[in-house]
Amino acid sequence: MPEGILYGTGDIIMDLKELAKKIIPDTDLIDPDKYEDQYPERGLPKGAEVTRLAPSPTGFIHLGNLYSALADERAAHVSGGIFYLRIEDTDAKRKVDGAVESVINSLRYFGLKFDEGAETQSRTNFYGPYYQRKRVKIYRAFAKKLIEEGRAYPCFCTEEDLGEIRALQTERKETPGYYGEYARCRNLTPEEICANIDAGKPYVIRLKSMGDSNVKHTFKDVIKGEITVPENSQDIVILKSDGIPTYHFAHAIDDHFMRTTLVIRGEEWLSSLPIHLELFSVLGFKPPRYAHTSSLMKMDGESKRKLSKRKDPELSLEYYRSEGYLPVAVMKYLMTILNSGFEEWYRKNPDADWRDYNFKVEKMGKSGILFDLDKLKDISRDEISRMDPEDVYGFLAEWARDYGTEADKAHFKDKDCMLQILNLIMGTSSKKRRKDIETGLQFTQLTSYFFDDTYNPELHYAFPDEAVNTMIQTFAGLYDINDDNSAWFAKVKVAAKAAGFAAEASEYKASPESFIGSVSDAAGVLRTAITGSPNSPDLCTIMKILGTERSLKRLAAGLRK
Ligand code: GLU
């Protein structure tokens, strides 16, 4: 409808400009076209992507958000672009205090930083404000413009009216929603509109859709490829009755004026794409490119299902922090599920910075991405094994400070002792370290025998009481903390022989029936008494770390009654 055309057929003839002023009477709105100058094109090199994370401040930030944020961050940074943070706080009911800080801190913990946006103090923060509630003037200016152009209108329908419409549509088996003949307020006359407003009736502003849902277009999604998208025909709400925009309207305006080039968001938004395309068109904006990411799934028995907030603690990012996963391990794991080529590249370039990988949004998975915690654990073990024990100590001590028990905190205060334990568990050869440490929590379980003197080793011996006692007593009588490994082992052999074990592996091999067990079985008895398990890292070193007094006490406690 051309601008300025007279609207309505009632007694009051009003031009649309006047009507728009009645509907949106704000006096502080500026000419919407001015925003084009205020938020100019960014002038980045060709191909540079501008991406954003646009969370609602609900306080729950999950693995899917991190997955998406990593895709955003990589897409921006491999192309020399900008990754910014916008807070979608239009829904006051869902707002949780401290949620923005928590998003920023969580992402920072995993090594993701925003170049621009909410709370960033960046020098390029020219495209703000980055909180939607602070942008209401912009949205209202554009809503007014759409009313002036005959492409938006006020709707006074109450909840009951909408309920009636829904009931009618259900009865007629028609698509639900506010459209066509069901859009009761679409053709109100100016006098009806003015009368309603003067009577103080609350109203929302709706888009006057010109689409036909039977008409379909091909659309190229960056991840999903070519998809068929019907035209939108719904007169969706663009401003709610409190004057705040809906997600749809704010998305079109913000991503245009913040000059987003690529919108990466969950596939649950695909069904809203027709609305967004119509909004961009009616606003006269060029839409960004869209990349709809697939949901994260997990195996549940034989079948795959979506990760669920209720059932799967691993969906929450807090899980990875409280368990003590190395952040870089989580990021590298996410890279393997973001781009399947990453793993092979990384195998070939094990010492490269993972950020050197040439990430491509178009290579992201088209459907259900399988999240496999065991694989993450493997990566985590591998990552930790490549670190210096001193750095592992630093990471674990920080984890213990934030998430450990009081006992963990106390243990980590003794850095010297912890480094000895780490050297023992990881091995001293910096070229080939053992891959036994997975997470902070698992480390405390793995090493609990160093700290807990109260376990009961009795249950685990596989040899007669008499042999066990002779073995332990003989060895305890000979033990000297200053012995090196070979002197220590010579004493194990002496005790083994006294208890009826073979002192030499070769003797045992030649005639196993002559002994109650081998020398390693004999050492296993000591191991059980000291650590509670017949398997442990080097026992001589464990005993040195424990010290003579605790070692002997444990040996004594390990005797069979
Ligand atoms: N605020 C939306 C959400 O949290 C953002 C979706 C988008 O990225 O456009 O789901």
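In what follows, the structure referred to is the one given above.
Residues numbered from 1 in each chain as written. Predicted model: local features only at pLDDT ≥ 70, side-chain atom pairs only at ≥ 80, totals over all residues. Heavy atoms only, no water.

Visitor: Which parts of the structure should I look at to understand the layout of surface pockets?
Guide: It is a probe the size of a water molecule, rolled over the atoms, that shows where empty space is left. In this model, the largest pocket occupies a volume close to 1,200 Å³. Lining the largest pocket are 42 residues; nearest its centre among them are His-62, Asn-65, Gly-266, Glu-268 and Trp-269. When contributions to the lining of the largest pocket are tallied by element, the ones reaching two or more residues are strand 3 (50–53), helix 3 (63–78), helix 4 (99–109) and strand 11 (262–266). Here the residues of the lining of the largest pocket are counted per class, giving 16 nonpolar, 14 polar and twelve charged. Of the volumes computed, that of the second largest pocket is approximately 500 Å³. As for the second largest pocket, its lining consists of 22 residues, and the residues nearest its centre are Glu-41, Arg-259, Thr-260, Thr-261 and Lys-286. Elements supplying a minimum of two residues to the lining of the second largest pocket: helix 8 (247–257) and helix 9 (273–283). The residue inventory of the lining of the second largest pocket, partitioned by class, reads nine nonpolar, five polar and eight charged. (1 Å grid on protein atoms, 1.4 Å probe; cavity = no way out; pocket = protein on both sides within 12 Å on 5 of 7 lines; lining within 4 Å. Points joined across faces, edges and corners; volume = space filled by probe spheres on them. Helix = DSSP H or I, 4+ residues; strand = E, 2+ residues; numbered from the N terminus. Nonpolar A, V, L, I, M, F, W, Y, C, P; charged D, E, K, R; others polar.)

Visitor: Can you walk me through the environment of Tyr-247 in this structure?
Guide: Here Tyr-247 is to be found in helix 8. Once you skip the residues sitting within four places of it in the chain, Tyr-247 turns out to touch Arg-52, Glu-88, Arg-265, Trp-269 and His-276. Among the polar contacts listed, one links the side chain of Tyr-247 to the side chain of Arg-265, at a separation of 3.0 Å. (Contact = heavy atoms within 4.5 Å. Polar contact = N/O pair within 3.5 Å; in protein donor to acceptor, adjacent residues only side chain to side chain.)

Visitor: What should I look at first to understand the sheet that holds strand 5 (residues 116–117) in this one?
Guide: Within a sheet, each strand pairs with its neighbour through backbone hydrogen bonds, oriented either parallel or antiparallel. Spatially, 3-4-5 is the arrangement adopted by the three strands of the open sheet, whose pairing is parallel. Every interior strand has two partners, whereas the edge strands, strand 3 and strand 5, have only one. Note: strand 3 against strand 4 (residues 82–85), four bridges, orientation parallel. Paired with Val-50 across the bridge in strand 4 is Ile-82. (Pairing = 2+ DSSP bridges.)

Visitor: Looking at this structure, how should I read the site of the ligand?
Guide: Surrounding the ligand, one finds Arg-52, Ala-54, Ser-56, Glu-88, Tyr-247, Arg-265 and Trp-269. Between the ligand and Ala-54 there is a distance of 2.8 Å, counted from a nitrogen atom to a backbone nitrogen or oxygen. Contacts to the ligand include Tyr-247, whose side-chain N or O atom sits 2.4 Å from an oxygen atom. When the free accessible area of the ligand is taken as 300 Å², the share hidden by the protein chains comes to 79%. Applying the majority rule of atoms within 2 Å of the grid points places the ligand in the largest pocket. Within the shell around the ligand, the residues separate by chemical class into three nonpolar, one polar and three charged. (Near = heavy atom within 4 Å. Areas by Shrake-Rupley, 256 points an atom, 1.4 Å probe, with all protein chains shown as cover. Sits in = over half its atoms within 2 Å of the grid points.)

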